[in-house]
Amino acid sequence: MQSPFPGMDPYLESAAIWPDVHAGLIAAMRRQLQPRLNPRYVAVIVPYTAFETIDVNLSRFLVPDIAIIEHEQQSSVTATTVAPAPVVGALAVEIETRYSRLEVRTVRDETVVTAIELLSPANKRTGIDAADAYERKRREIIRSPVHLIEIDLLRGGQRPSLATPWPSTPYVIMLSRADQRPRVEIWPVQLQDPLPVVPVPLRDPDPDVPLDLGAALNEAYAEGRYDLRIDYREPPPPPPLSPVDEAWLTRRLVAVGLRQA
């Protein structure tokens, strides 16, 4: 019931299962953090709604070749030829999708100390309300005394703004400590890499607590039974992998018996 990959499984990025993966990962991270935060802090799941765009394929158009127009009895019946549509396309349909973020808060007064964001596809698109709303929320956090951890496990889309270039790796984790801005810490993650253990900062003088992203992903994968839902004989969801990553992925799946050589 474990993923065949040492780190992020690109098949989990499928639009059909990513919302479930997202929920499972958030829950697994909270279970891991909660005993480490006790007794001064607590990890809280904060739900939010995003509108994701999905493609609805149209199998065919039913276009009549002849339109019959009926008039009153004294009128003649005429036939008008209607040309079929020369192009068959698809609709982009937005559906409401529920996501959540993690917040580390102080006990009793509920002051937010650290926000942990696991990015969704809506956070990484340009020119849509959900991405704009996330950028506004992100700016509010950056101007505040709240630490920010961003976890990007999606290869597609455009990453949130950064003054310096993002690494070109498929996945990346960023930590912005409130007392060190504008400096940020970045963990680039290749497809072949295990997910890192990252620090979760708390209030001074309390030390950071570790968040093992690989352990959280393994737990979410097993609980979601994605081994039953994913067909590893098929290519991973878009965007396409680089030739090097594609070759490595094939070798990996052959080695673990999920593809034929």
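Residues numbered from 1 in each chain as written. Predicted model: local features only at pLDDT ≥ 70, side-chain atom pairs only at ≥ 80, totals over all residues. Heavy atoms only, no water.

**Some points on the overall build of the protein chain**
Regarding its fold elements, the protein chain presents five helices and ten strands. Sequence-distant contacts in the protein chain: of pairs separated by 6 or more residues, those separated by 24 or more amount to 66%. Total accessible area on the protein chain stands at roughly 14,700 Å², and carbon and sulfur atoms take up 54% of it. (Helix = DSSP H or I, 4+ residues; strand = E, 2+ residues; numbered from the N terminus. Contact = heavy atoms within 4.5 Å. Areas by Shrake-Rupley, 256 points an atom, 1.4 Å probe, with all protein chains shown as cover.)

**Some remarks on the side chain of E185**
By the secondary structure assignment, E185 is in strand 8 (residues 185-189). Ignoring anything within four residues of it in the chain, the contact list for E185 reads I173, M174, L175, R177 and Q180.

**Side note on the packing of aromatic side chains**
Counted under the stated rule, the structure contains six aromatic pairs. Between Y48 and Y99, the ring centres sit 6.1 Å apart and the planes meet at 35 degrees, which makes this aromatic pair tilted. Linking Y48 in strand 1 (residues 41-57) with Y99 in strand 4 (residues 90-106), this pair joins segments that are 51 residues apart in sequence. Across the pair, Y99 and Y48 agree in class, each one buried. Aromatic rings pair up to connect F5, Y11, Y232 and W248 into one cluster. (Phe/Tyr/Trp six-rings, centres within 6.5 Å; stacked < 30°, edge-to-face > 60°. Buried < 20%, exposed > 50% of the residue type's maximum accessible area, 1.4 Å probe, protein only.)

**Side note on empty space enclosed by the protein**
Under the criterion given, the structure shown has one cavity of 30 Å³ or more. Put simply, the largest cavity is a space of about 30 Å³. L119, E150, D152, R159, P160, W166, V172, I173 and M174 together form the lining of the largest cavity. Take the lining of the largest cavity: its biggest share by element is three residues, from strand 7 (residues 171-176). (1 Å grid on protein atoms, 1.4 Å probe; cavity = no way out; pocket = protein on both sides within 12 Å on 5 of 7 lines; lining within 4 Å. Points joined across faces, edges and corners; volume = space filled by probe spheres on them.)

**Side note on the confidence of the model for the protein chain**
When pLDDT is averaged along the protein chain, the result is 87; 83% of the residues meet or exceed 70. Under a pLDDT of 50 for its full length, residues 55-72 has, in the predicted model, 33 contacts with residues more than four places off or in other chains. (pLDDT = per-residue confidence, 0-100.)

**Some remarks on the pattern of salt bridges**
Applying the stated criterion across every chain yields a total of 16 salt bridges. Of the charged contacts in the structure, one is a salt bridge between R31 and E223, with a shortest N-O distance of 3.0 Å. In this pair, R31 sits in helix 1 (residues 18-37) while E223 sits in helix 3 (residues 213-224), placing the two residues 192 residues apart along the sequence. The exposure class assigned to E223 is exposed, which follows from its relative accessible area of 54%. A salt bridge links R40 to D206, with the shortest nitrogen-to-oxygen separation between them at 2.9 Å. Remark: D206 occurs in the loop between strand 9 (197-200) and strand 10 (209-212) and R40 occurs in the loop between helix 1 and strand 1; sequence separation between them is 166 residues. Since its relative accessible area comes to 21%, D206 is described here as partly exposed. (Salt bridge = Lys/Arg side-chain N within 4 Å of Asp/Glu carboxyl O.)

**Considerations on the packing of helix 1 against helix 3**
Packing of helix 1 against helix 3 leaves a shortest axis separation of 8 Å and a crossing angle of 125 degrees. Judged by the angle between their axes, helix 1 and helix 3 are oblique. Relative to helix 3, helix 1 is oriented so that their crossing is right-handed. Contacts between helix 1 and helix 3 involve G24, L25, A28, M29, R31 and Q32 on the former and, on the latter, L213, A215, A216, L217, E219, A220 and E223. (Axes fitted to C-alpha atoms, helices over the stretch in contact; angles between N-to-C directions. Parallel < 35°, antiparallel > 145°, perpendicular 65-115°, else oblique. Left-handed = near helix turned anticlockwise from the far one by under 90°.)

**Side note on the pairing of strand 5 (residues 112-118)**
The buried count for strand 5 comes to six of seven residues, which makes it a mostly enclosed element. Bridge count between strand 5 and strand 6 (residues 147-152): five bridges; the pairing is parallel. When the sheet's bridge partners are listed, I116 is paired in strand 6 with I149. (Pairing = 2+ DSSP bridges.)

**Considering unusual backbone geometry**
Note that the residue after R181, namely P182, is joined by a cis bond; omega there is 15 degrees. Locating P182 in the fold gives a position in the loop between strand 7 and strand 8. Despite not being glycine, E110 shows a phi value in the positive range, around 60 degrees. Of note, E110 is situated in the loop between strand 4 and strand 5.

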